[in-house]
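Fold and contact review
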4 protein chains.
Amino acid sequence: MANSKFEYVRNFEQADHLLPNTWIVVRIDGRGFTKMCARYGFEKPNDRRALDVMNAAAKAVVTDLPEIVIAYGVSDEYSFVFHKTCTLFERRESKLVSTIVSTFTANYVHKWSTYFPDMPLASPLPTFDGRAVCYPTVQNLRDYMSWRQADCHINNLYNTSFWALVKLGGQDNKEAEKTLAGTLAADKNEILFSKFKINYNNEPEIFRKGSVVFRDYELVEPESHNTTTESIDAISMPVEQSKSQAEKDKKRRAKARVVVEFLDIIKDEFWDKRPWILSNKPGKVPKEV
Amino acid sequence: MANSKFEYVRNFEQADHLLPNTWIVVRIDGRGFTKMCARYGFEKPNDRRALDVMNAAAKAVVTDLPEIVIAYGVSDEYSFVFHKTCTLFERRESKLVSTIVSTFTANYVHKWSTYFPDMPLASPLPTFDGRAVCYPTVQNLRDYMSWRQADCHINNLYNTSFWALVKLGGQDNKEAEKTLAGTLAADKNEILFSKFKINYNNEPEIFRKGSVVFRDYELVEPESHNTTTESIDAISMPVEQSKSQAEKDKKRRAKARVVVEFLDIIKDEFWDKRPWILSNKPGKVPKEV
Amino acid sequence: MANSKFEYVRNFEQADHLLPNTWIVVRIDGRGFTKMCARYGFEKPNDRRALDVMNAAAKAVVTDLPEIVIAYGVSDEYSFVFHKTCTLFERRESKLVSTIVSTFTANYVHKWSTYFPDMPLASPLPTFDGRAVCYPTVQNLRDYMSWRQADCHINNLYNTSFWALVKLGGQDNKEAEKTLAGTLAADKNEILFSKFKINYNNEPEIFRKGSVVFRDYELVEPESHNTTTESIDAISMPVEQSKSQAEKDKKRRAKARVVVEFLDIIKDEFWDKRPWILSNKPGKVPKEV
Amino acid sequence: MANSKFEYVRNFEQADHLLPNTWIVVRIDGRGFTKMCARYGFEKPNDRRALDVMNAAAKAVVTDLPEIVIAYGVSDEYSFVFHKTCTLFERRESKLVSTIVSTFTANYVHKWSTYFPDMPLASPLPTFDGRAVCYPTVQNLRDYMSWRQADCHINNLYNTSFWALVKLGGQDNKEAEKTLAGTLAADKNEILFSKFKINYNNEPEIFRKGSVVFRDYELVEPESHNTTTESIDAISMPVEQSKSQAEKDKKRRAKARVVVEFLDIIKDEFWDKRPWILSNKPGKVPKEV
């Protein structure tokens, strides 16, 4: 049975290589998570176990794919950032997106029982969709990350206020919505504090800031290094490294701990202290204590 | 914290709507399955349990997404076909591919222990990548399906012969390769029969033909219907159905059993007897016995 | 001066191959033709010379590119159709669009003085933009062509009525607009006839139907041939012709006259009598008289 | 004749917006210019009239489209650069490419007789194809420009040597090719000088460097300005200008002379002295003398 007469169908596949020298963000979102929340009784406004399984899955993705320099998660979404010099899968969009979605999903399902030992998963299982977006400059990338974290803050302040009104204040959903309609951040802080003695700033950072996943090296004093945003933007193509240097980098990356922290990524400080994230040059692995 | 100054980053997302009125095939492939085979001791040349978990995952995908009219799987790959009139997710490529990859992966991981009760999954977990390809005509689509099934046949005949030489014939891998180099199908059949008394045609159909997943209705006598390939190609856009008709179709689809069978999909017979696959009009649900 | 260190920039070019086995329509539109009309005093509602130079340019395009099977023009726009088996420029979108736009523009500018001998062109020169769209089936393609011709009819009936009211009826532009607001085709016909003794059906066909450009062969009696729409849709890939057949076809195409006619292309008759347009098999060259 | 039933065909047009915040280079190339050279007797290795008509057409394009910040031409090709903040035509690729190709072609054909008064154009007319490529950083863009200019140098040195050997040295084409095979730049310089008393560096700059087209303002002393490459890369999106500033910029651009010069664009000097090219902020219009 010769296969040759059918093989012409391969020519229908279209190339989908993402523009070189741009930061690739793959964002995944939970599909139908409102129903998931209801089915598995997620706590409102935040369920720590649900965030923990998201973070565990994200950590596995970052560990498996060393080309990812940072990831940021909030609620049922996660953004993974490939360095602009990344050439994984020849930068083919479908391969990058599907690999991340699949690795994330596999780990989410597999680790579920660790965080929800009493609630076995049943059909329909939790699933995620994904998409890739390219950002040409560090500024664009950081604005993307800031956008997601600002969104986290806005939503969490709203949700914290809403559920306080409902759970502690005895309002029903419609009343709570009405109470919050048109309020600014300061108003919500005031409502939380005056009515419920809740100081929003004392809420857990994982809820207020979301989760940041990255390889951890020794922090750098901002003034002591010179990897500026500008010099990173000026990188025009994958630098030809000596093979031995590439090997060294690989080993260092493999050695580095992948951590999940709850930090401000809008301000410069986070990036200045961790220049390896944008430069993609591994930092100094901290001595084990 | 106003989010508006960051929101411009949304404009970097590019549209990826697939061409209307074309058949969309999403094919997924296991990532690094050679290592998977070794790690979990898959039997050679075919491991029935491994195929069964693939088929169970594929069945879940087809059940979850009624827009899929047929799926075909072999080894660690599966192709899912959306009807050309499908408008799911506005035909956005990333959404379609990532949803299928995620749903497949979730089910594969979740159902694994059913088929491999003694071999718990461990990191790195099984994952899949995916891609979408559009085919303009029924002929192109059927040629794609034939291509995959012909590939299944060619590979399985080779692998069956190869492992017979190794396992039963006492050759090592290099010797077996050499024995088979340049042989035609007839030669391989002859080797199997003369040396090992194996009649290839008696090998299990799941190995020889791969697995076909579809909604099952009452078979149709080819001469009694008139949904020809040509009339399907002539469909130019989603037909405006009355709402009640759409509702009826939906219910019928929901009632239909999704089956996994091992059939020849190269010849016309399969398609002629199951006109609902290409027409996307649900058939008659068989009476339960 | 070694060039190699700069050559990496070639990798930024993205593939833009159009989906195989689909009809490619390249439509071009005049840029800023409202101003052109004013500057060169085009007659209202239609300027025959302006249409003639469009048609001459389109004829040159079709003559230069034998892969074009038909073109249709109205006002300052023209649509060129490549057969679905066309492999010109490997179906690269930019090459196809830019070649047509450039060839059309070159001929428009070069032939201008033939039709407007007393009005030399001056800056800014007439220019055109273009885009490609793929249609998977004959029905889609014919619906596209019908769309353009129906548009021609609707606009021309409106414009004919409008300018009759202005030029013959003494209304100013606003009054004429108001008179026509909400009128149906029948109303406009009635206005033309009752007020101005104009029978719209006697208006020149070039204005009412637009212009169709194609290679002319002997017309075929619809019942005598069997190149149905369906059989054309079923063509899955460029048929492997014998070299001698391809050569014969090429010669026949070169011999055929490229004609500009003003015909109904919405009804089947046009297509049935000229099966070579959709089949891409040259017809019989008429005997010269 | 209702047009609505055909209008669905509009949905087949695919979006082709180029990635924001990237430099867009549209390069056009003459189609079949080897034949053009022969037909119109272009002089070898360079024909000044042929370059002049190219430059005149390019100048018209840059004048018509103020969004173009620089253009570079050599032989029968020209590259036009849109600033990375450009939003013309919503950055739609087809519109940008086709508009440039059409404007260039119209001017080339229209101005031809100025430069070739004794050689009227005849069919097939000169035409050009085009394509767009995006570059994320100033370094990528400058490397692209350097690539083209280095190519110009390499080709022109070869061609100058080749035609010297043929025209002055009495070699035939094959002999000349053989003489030059494997030679380095220094060897070619030596051949030109020792055999033909030609000092390559005294060849006209238009042949050795190609042509650069840009808006001319007062040159800037590199140390006096601070528009560095890095600060330009850091621009993340179209800066919201006050309307009055935008109007002022527009007027200044309109006032600026578009010039064609033959300069080195590989070294920094060109760019440092003309910061307006990369910053897109109009410079100081020189006082008229």
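Residues numbered from 1 in each chain as written. Chains lettered and ligands numbered in written order. Predicted model: local features only at pLDDT ≥ 70, side-chain atom pairs only at ≥ 80, totals over all residues. Heavy atoms only, no water.

Describing the interface of chain A and chain B
Let me state the cut-off plainly: Throughout, a contact is declared for two residues whenever any of their heavy atoms are within 4.5 Å. Defined here as a combined quantity, buried area equals the accessible surface (1.4 Å probe) lost by two parts on assembly, summed across both. We define a salt bridge as a contact between a side-chain nitrogen of Lys or Arg and a carboxyl oxygen of Asp or Glu at a distance within 4 Å. Within 3.5 Å is the distance limit for a polar contact, defined as a pair of N or O atoms, with the added protein rule that one can donate a hydrogen and the other accept it, and that residues adjacent in sequence qualify only through two side-chain atoms. Going along the chain from the N terminus, every DSSP run of H or I of four or more residues is numbered as a helix, and every run of E of two or more is numbered as a strand. Three classes are used, and their members are as follows: Ala, Val, Leu, Ile, Met, Phe, Trp, Tyr, Cys and Pro are nonpolar, Asp, Glu, Lys and Arg are charged, and the others, Gly among them, are polar.
Across the boundary between the two partners, chain A contributes 52 residues, which contact 53 residues of chain B. Carbon and sulfur atoms make up 62% of the area that chain A and chain B hide from each other, which totals about 4,400 Å². For the pair chain A and chain B, the interface holds 4 salt bridges. Between Glu13(A) and Arg131(B) there is a salt bridge whose closest N-O contact spans 3.9 Å. The tally of links from chain A across to chain B stands at 16 residue pairs in polar contact (both at pLDDT 80 or more). In terms of residue count, helix H3 (residues 93–115) of chain A provides more of the side of chain A that touches chain B than any other element does, 14 residues in total. Of the residues in the side of chain A that touches chain B, the class split is 25 nonpolar, 15 polar and 12 charged.

Quick notes on the sheet that holds strand S3 (residues 77–82) of chain A
Consider a sheet: its strands pair through backbone hydrogen bonds, and that pairing is either parallel or antiparallel. Residue and element names in this part refer to chain A. Operational definition: Strands qualify as paired when DSSP identifies two bridges or more between them. Here, axes are lines fitted to C-alpha atoms. For helices the fit covers the stretch in contact, and angles between N-to-C directions go from 0 to 180 degrees.
Read across the open sheet, the 6 strands follow the order S4-S1-S3-S2-S5-S6; overall the sheet is antiparallel. Both outer strands of the open sheet, strand S4 (128–135) and strand S6 (257–261), are each paired with one neighbouring strand and no more. Strand-to-strand twist in this sheet, taken as the mean axis angle between neighbours without regard to direction, amounts to 20°. Bridging between strand S1 (residues 23–30) and S4 involves 8 bridges; their strand directions are antiparallel. Looking across to S4, one finds that Ile28 is bridged to Gly130. Sheet strands touched by H3: S1, strand S2 (68–74), S3 and S4. Its angle to S4, the strand with the most contacts, is close to 140°. Lying on the sheet, helix H4 (residues 138–168) is in contact with S1, S2, S3 and S4; it crosses S1 at an angle near 20°.

Here's the deal with the interface of chain B and chain C
On the side of chain C, 16 residues touch chain B, which itself brings 16 residues to the contact. Of the roughly 1,100 Å² buried at the junction of chain B and chain C (both faces included), carbon and sulfur atoms supply 62%. The interface formed by chain B and chain C includes 0 salt bridges. One can count 2 residue pairs in polar contact (both at pLDDT 80 or more) joining chain B with chain C. If you list the elements that add at least two residues to the side of chain B that touches chain C, you get helix H4 (138–168) and helix H8 (229–233) of chain B. Element by element, the count of residues in the side of chain B that touches chain C is highest for H4(B), at 3 residues. Among the residues forming the side of chain B that touches chain C, the class breakdown is 6 nonpolar, 6 polar and 4 charged.

Description of the relation of the copies chain A and chain B
Going by this rule: Residues below a pLDDT of 70 in either copy are left out; the C-alpha atoms of the rest, at least 70 in both, set the least-squares superposition of the copies.
Once turned by 180° and shifted 0.0 Å along the axis, chain A lies on chain B with an RMSD of 0.0 Å. The transformation just described matches what one would write down for a two-fold rotation axis.

Description of the relation of the copies chain B and chain C
Mapping chain B onto chain C calls for a screw motion: a turn of 180° about the axis and a shift of 0.0 Å along it, with 0.0 Å RMSD after fitting. By residue overlap, the copies meet face to face through one surface: 100% of the interface positions of chain B are interface positions in chain C.

A few points about the UniProt feature "binding site: GTP" (unreviewed entry) in chain A
Residues and elements named next belong to chain A. To be explicit about the condition: UniProt positions are given in the numbering used here, feature names are shortened, and annotations may be inferred rather than shown by experiment.
Here the UniProt feature "binding site: GTP" (unreviewed entry) sits at Ser75 and Asp76. Beyond its immediate sequence surroundings of up to four residues, Ser75 is in contact with Leu51 and Met54. Tracing the backbone shows Asp76 in the loop between S2 and S3. In contact with Asp76, other than residues within four places in its own chain, are Ile28, Asp29, Gly30, Phe33, Met54 and Phe128.

Observations regarding the packing of H4(B) against helix H5 (residues 173–180) of chain B
Residues and elements named next belong to chain B. Under the convention used in this document: An angle below 35 degrees is read as roughly parallel, one above 145 as roughly antiparallel, one from 65 to 115 as roughly perpendicular, and any other as oblique. Whether a crossing is left-handed or right-handed is set by the direction in which the near helix is turned from the far one by less than a right angle, anticlockwise for left-handed and clockwise for right-handed.
Where H4 meets H5, the closest approach of the two axes is 9 Å, and the angle between their N-to-C directions is 130°. The orientation of H4 with respect to H5, classified from their angle, is oblique. As H4 packs across H5, the resulting crossing turns out to be right-handed. Where H4 abuts H5, its residues Tyr158, Ser161, Phe162, Leu165 and Val166 lie against Asn173, Ala176, Glu177, Thr179 and Leu180. Per-class residue counts for the contact of H4 with H5 are 6 nonpolar, 3 polar and 1 charged.

A few points about the UniProt feature "domain: tRNAHis guanylyltransferase catalytic" (unreviewed entry) in chain A
Mapped onto this structure's residue numbering, the UniProt feature "domain: tRNAHis guanylyltransferase catalytic" (unreviewed entry) falls at residues 6–136 of chain A. The span residues 6–136 of chain A carries 36% helix and 22% strand; its end-to-end C-alpha distance comes to 40 Å.

Comments concerning a positive patch on the surface
The condition is simple: Every patch collects residues that have over 30% relative accessible area and no salt bridge, joining them within 9 Å if they carry like charges and within 5 Å if they are nonpolar side chains (Val, Leu, Ile, Met, Phe, Trp, Tyr). Under the convention used here, a 1.4 Å probe and the Shrake-Rupley method define accessible areas, while residue burial counts only the protein chains that appear. Only four residue types enter the tally: Lys and Arg on the positive side, Asp and Glu on the negative side, with His and both chain ends excluded. To locate a charge, take atom NZ for lysine, CZ for arginine, CG for aspartate or CD for glutamate.
A surface patch of like charges, here positive, comprises Lys248(A), Lys251(A), Arg252(A), Lys255(A), Lys284(A) and Lys287(A). With respect to the helices and strands, the residue Lys248(A) is situated in helix H9 (residues 243–255).

Remarks on the packing of aromatic side chains
Our working rule: Two rings from Phe, Tyr or Trp (for Trp, the six-membered ring) form a pair when their centres are within 6.5 Å of each other. A pair whose planes differ by under 30 degrees is stacked, one over 60 is edge-to-face, and the rest are tilted. The buried label applies to any residue whose accessible area, calculated with a 1.4 Å probe on protein chains only, is under 20% of its type's maximum; exposed applies above 50%, and partly exposed to all values in between. The rule is short: NZ of Lys or CZ of Arg within 6 Å of the ring centre and within 35 degrees of the ring normal puts a charge over the ring.
Applying the stated rule across the entire model yields 88 aromatic pairs over all chains. Relative to Phe80(D), the ring of Tyr78(D) has its centre 5.5 Å away and its plane inclined at 25°; by these criteria the two rings are stacked. For the pair Tyr78(D) and Phe80(D), a shared accessibility class is recorded, and that class is buried. Centre to centre, the rings of Phe162(D) and Trp163(D) are 5.2 Å apart; their planes meet at 80°, and the pair counts as edge-to-face. The side chain of Lys95(C) reaches across the aromatic face of Phe89(C), ending 5.1 Å from its centre. Of note, Arg148(D) hangs over the ring of Trp147(D), and the distance from its end group to the ring centre comes to 4.3 Å.

Section: the environment of Asp151(D)
In this fold, Asp151(D) is placed in helix H4 (residues 138–168). With 58 residues separating them in the primary sequence, Asp151(D) and Lys209(D) have C-alpha atoms 9.6 Å apart.

Regarding the environment of Pro45(C)
All names here are of chain C. Note on placement: Pro45 falls in the loop between helix H1 (33–39) and helix H2 (48–64). The partly exposed category is assigned to Pro45, whose relative accessible area is 30%. Sequence separation of Pro45 and Asn159 is 114 residues, and the distance between their C-alpha atoms is 5.7 Å. Ignoring sequence-local partners within four residues, the contact set of Pro45 consists of Asn159, Thr160 and Trp163.

Looking at unusual backbone geometry
Note that the residue after Ser123(A), namely Pro124(A), is joined by a cis bond; omega there is -10°. Within the secondary structure, Pro124(A) is located in the loop between H3 and S4. Put simply, Lys44(C) and Pro45(C) share a cis peptide bond, and its omega is 0°. Look at Ser75(A): it is not a glycine, yet its phi comes out positive at around 55°. Among the structural elements, Ser75(A) can be located in the loop between S2 and S3. Even without being a glycine, Phe89(B) presents a positive backbone phi close to 55°. Its place among the elements puts Phe89(B) in the loop between strand S3 (77–82) and helix H3 (93–115).

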